[in-house]
Amino acid sequence: MADIRTGALAITDPTADVALAQRAIAGDGPAFLAIMQVHNQRLYRIARGVVRNDSEAEDIVQEAYVLAFAHLASFRGESSLGTWLSRIVINEALGRLRRGRRKADALGSIGDGRDATIIQFPLPASADDPERTMAQRQILQLVERATDNLPDIYRTVFVARVIEGLSVEETADLLGLRPETVKTRLHRARQLVRKQLHEQIGPVLLDAFPFAGRRCARLTAAVMKRLGLSS
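Let us look at the structure shown here. (Residues numbered from 1 in each chain as written. Predicted model: local features only at pLDDT ≥ 70, side-chain atom pairs only at ≥ 80, totals over all residues. Heavy atoms only, no water.)

**Quick look at the environment of alanine 221**
Here's step 1: Locating alanine 221 in the fold gives a position in helix α9 (residues 213–226).
Here's step 2: With relative accessibility at 38%, the residue alanine 221 sits in the partly exposed group.
Here's step 3: Separated by 185 residues in sequence, alanine 221 and methionine 36 place their C-alpha atoms 9.9 Å apart. (Helix = DSSP H or I, 4+ residues; strand = E, 2+ residues; numbered from the N terminus. Buried < 20%, exposed > 50% of the residue type's maximum accessible area, 1.4 Å probe, protein only.)

Right, here's the structure in full:
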């Protein structure tokens, strides 16, 4: 069984997850490809939500895949493969943050992440309404900046629930929180984002932190190369 969520396909059948993992363990190249193509966007968005930098998020996902594939035999299907991979990505991303902060402290500076790169959205051009296209791009940039400015504990919940579209229960399981805590932090995150936007842009359909096309293909090819497999 599968579901469609924010434009990404997520495998939800534990039996299918385990079978796919077993194929990958046996060295089946297409199985590795299938895992990455299914989960690339979610993992990238989660990493990007933690570190607030697009290129570093891409590197985190690549490293997480290599680590996950090296320990794929430990996947037993107690949770979905997507959740299992997401936890590895979160651990890798948080580890990067901790190392970065220690390095900043050693240099006598504070790394607050405010120089993180803002992703430029590849919105379709509209020859008939260029002003609307520009307005959409500006709105999405405002949302991204507001998300980047959230404190860590709120940002990860906001990315998981609002941008990635996970349920309260899935987010709680992913982040190791109680569902009530997820609800509280999401409420606070929305308040902070709304405050930054000054309620000037109205309802926004969030399609933030895209990971598709060339970026997705590049990361997948890089991981396959590191695993010594042909795509």
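**Describing the nonpolar core**
Here's step 1: By size, the foremost hydrophobic cluster in this structure holds 37 residues, and its most contacted members are Ile35, Tyr65, Phe69, Trp84 and Leu85.
Here's step 2: For this core, the secondary-structure elements that each account for two or more residues are α1 (14–25), α2 (29–51), α3 (54–70), α4 (81–106) and α9.
Here's step 3: Among the elements that make up this core, the one with the highest residue count is α2 (11 residues).
Here's step 4: With residues near it in sequence (within four places) discarded, tyrosine 65 still touches Ile35, Met36, His39, Asn40, Leu43, Leu85, Leu219 and Val223.
Here's step 5: In terms of nonpolar packing, the next biggest core, distinct from the first, is built from 16 residues, Val143, Val159, Ile163 and Leu197 among them. (Core = buried A, V, L, I, M, F, W, Y, C linked by side-chain atoms within 4.5 Å. Contact = heavy atoms within 4.5 Å.)

**Comments concerning the pattern of salt bridges**
Here's step 1: By the definition in use, this model includes 9 salt bridges.
Here's step 2: A salt bridge links aspartate 28 to arginine 23; the shortest N-O distance between them is 2.9 Å.
Here's step 3: A salt bridge links arginine 96 to aspartate 59; the shortest N-O distance between them is 2.8 Å. On the criterion of sequence distance, the pair formed by arginine 96 in helix α4 and aspartate 59 in helix α3 is long-range, its members being 37 residues apart.
Here's step 4: Residue class for arginine 96 comes out buried when judged on its relative accessible area of 16%.
Here's step 5: For aspartate 59, a relative accessible area of 32% translates into the label partly exposed. (Salt bridge = Lys/Arg side-chain N within 4 Å of Asp/Glu carboxyl O.)

**Details of the packing of helix α6 (residues 152–163) against helix α7 (residues 168–175)**
Here's step 1: α7 packs onto α6 with a crossing angle of 140° between their chain directions and a minimal axis gap of 9 Å. Here α6 is positioned oblique relative to α7, judged by the angle of their axes. α6 and α7 meet at a crossing whose hand is right-handed. Taken together, the residues of α7 that come into contact with α6 (itself represented by Thr156, Val157, Ala160 and Arg161) are Val168, Thr171 and Leu175.
Here's step 2: By residue class, the composition of the contact of α6 with α7 is 4 nonpolar, 2 polar and 1 charged. (Axes fitted to C-alpha atoms, helices over the stretch in contact; angles between N-to-C directions. Parallel < 35°, antiparallel > 145°, perpendicular 65-115°, else oblique. Left-handed = near helix turned anticlockwise from the far one by under 90°. Nonpolar A, V, L, I, M, F, W, Y, C, P; charged D, E, K, R; others polar.)

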